[in-house]
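# Topology and contacts: notes
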Amino acid sequence: NASTCSQVITIEDTTAPVIVCPADVSHECDAPVDYGMASATDNCNIVSITSSDVTTGDDCLTTITRTWTATDACNNSSMCVQTITIVDTTAPVIVCPADVSHECDAPVDYGMASATDNCNIVSITSSDVTTGDDCLTTITRTWTATDACDNSSTCVQLITIVDTTAPVITGLPSLDMP
């Protein structure tokens, strides 16, 4: 005599993978940065990891919200979010033209400052403060380089104008002796 019975055993994977995001990152716009990669483990299957980005902001402050998703072979998934912040807080590097000293009537090119920036376009302006008199004039020219994020730097050029040339007398009557 024998009897049998059957048992149905159902094995189902309903557990989502466990995902770990890389750390949030904040850096200067020109810094070489490794943003890292999410990692994940699953109780039963191999896991695939993908990411998608949402970018907001401008050249001065950009925020990337990176959503990482881990999905196993049974389509269970979990997500985590990494925030990447990119800033421009570095002032431009400015180089002033050389200081100049010249006679008051000499044609002179005072030069132009130049500047570079790590991330943005730079505009250069100048302002003068003049002291002295007609015999000795000093112009203190302050050059300012400003990038698109309002980071700025300055340098100073000194311009000295002198009058050391004696006057030339003209139109004197000739001294003819009889």
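Going by the structure above, here's the rest.
Source: prediction; values computed, not measured. (Residues numbered from 1 in each chain as written. Predicted model: local features only at pLDDT ≥ 70, side-chain atom pairs only at ≥ 80, totals over all residues. Heavy atoms only, no water.)

Looking now at the sheet that holds strand E6 (residues 77-87). Reading across the sheet, the four strands line up as E2-E6-E5-E4 and stay open at both edges, with mixed pairing between neighbours. Either end of the sheet is taken by a strand with one partner, and the two such strands are strand E2 (25-28) and strand E4 (47-57). With direction set aside, neighbouring strand axes in the sheet form an average angle of 20°. Strand direction decides the pairing type here: strand E5 (residues 61-72) and E6, joined by 11 bridges, are antiparallel. (Pairing = 2+ DSSP bridges. Helix = DSSP H or I, 4+ residues; strand = E, 2+ residues; numbered from the N terminus. Axes fitted to C-alpha atoms, helices over the stretch in contact; angles between N-to-C directions.)

Right, let's talk about the side chain of His 102 for a bit. One can find His 102 in strand E8 (residues 100-103). Side-chain polar atoms of His 102 contact the side chain of Tyr 110, separated by 2.7 Å. Beyond its immediate stretch of four places on either side in the chain, His 102 contacts Val 108, Tyr 110, Ile 159, Thr 160, Ile 161 and Val 162. (Polar contact = N/O pair within 3.5 Å; in protein donor to acceptor, adjacent residues only side chain to side chain. Contact = heavy atoms within 4.5 Å.)

Before going further, it helps to examine a negative patch on the surface. On the surface, Asp 105, Asp 133, Asp 134 and Asp 163 cluster together into a patch of negative charge. Judged by relative accessible area, Asp 133 falls into the partly exposed class, the value being 44%. (Patch = residues over 30% accessible without salt bridge, like charges linked within 9 Å, V, L, I, M, F, W, Y side chains within 5 Å. Areas by Shrake-Rupley, 256 points an atom, 1.4 Å probe, with all protein chains shown as cover. Salt bridge = Lys/Arg side-chain N within 4 Å of Asp/Glu carboxyl O. Lys, Arg positive; Asp, Glu negative; His and termini not counted. Charge placed at Lys NZ, Arg CZ, Asp CG, Glu CD. Buried < 20%, exposed > 50% of the residue type's maximum accessible area, 1.4 Å probe, protein only.)

Unusually for a residue other than glycine, Asn 75 sits at a positive phi of about 70°. In this structure, Asn 75 sits in the loop between E5 and E6. Unusually for a residue other than glycine, Asp 150 sits at a positive phi of about 65°. Along the chain, Asp 150 turns up in the loop between strand E11 (136-147) and strand E12 (152-162). Residue class for Asp 150 comes out exposed when judged on its relative accessible area of 64%.

Quick look at the state of the cysteines now. Applying the stated criterion across every chain, the model contains four disulfides. The disulfide bridge from Cys 21 ends at Cys 80, spanning 2.0 Å between sulfur atoms. Measuring the twist about the S-S bond at about 95°, one finds the Cys 21-Cys 80 disulfide to be right-handed. Taken together, the positions of Cys 21 in the loop between strand E1 (18-20) and E2 and Cys 80 in strand E6 put the pair 59 residues apart, joining distant regions of the chain. Covalent S-S linkage joins Cys 60 and Cys 149, the inter-sulfur distance amounting to 2.0 Å. (Disulfide = S-S within 2.5 Å.)

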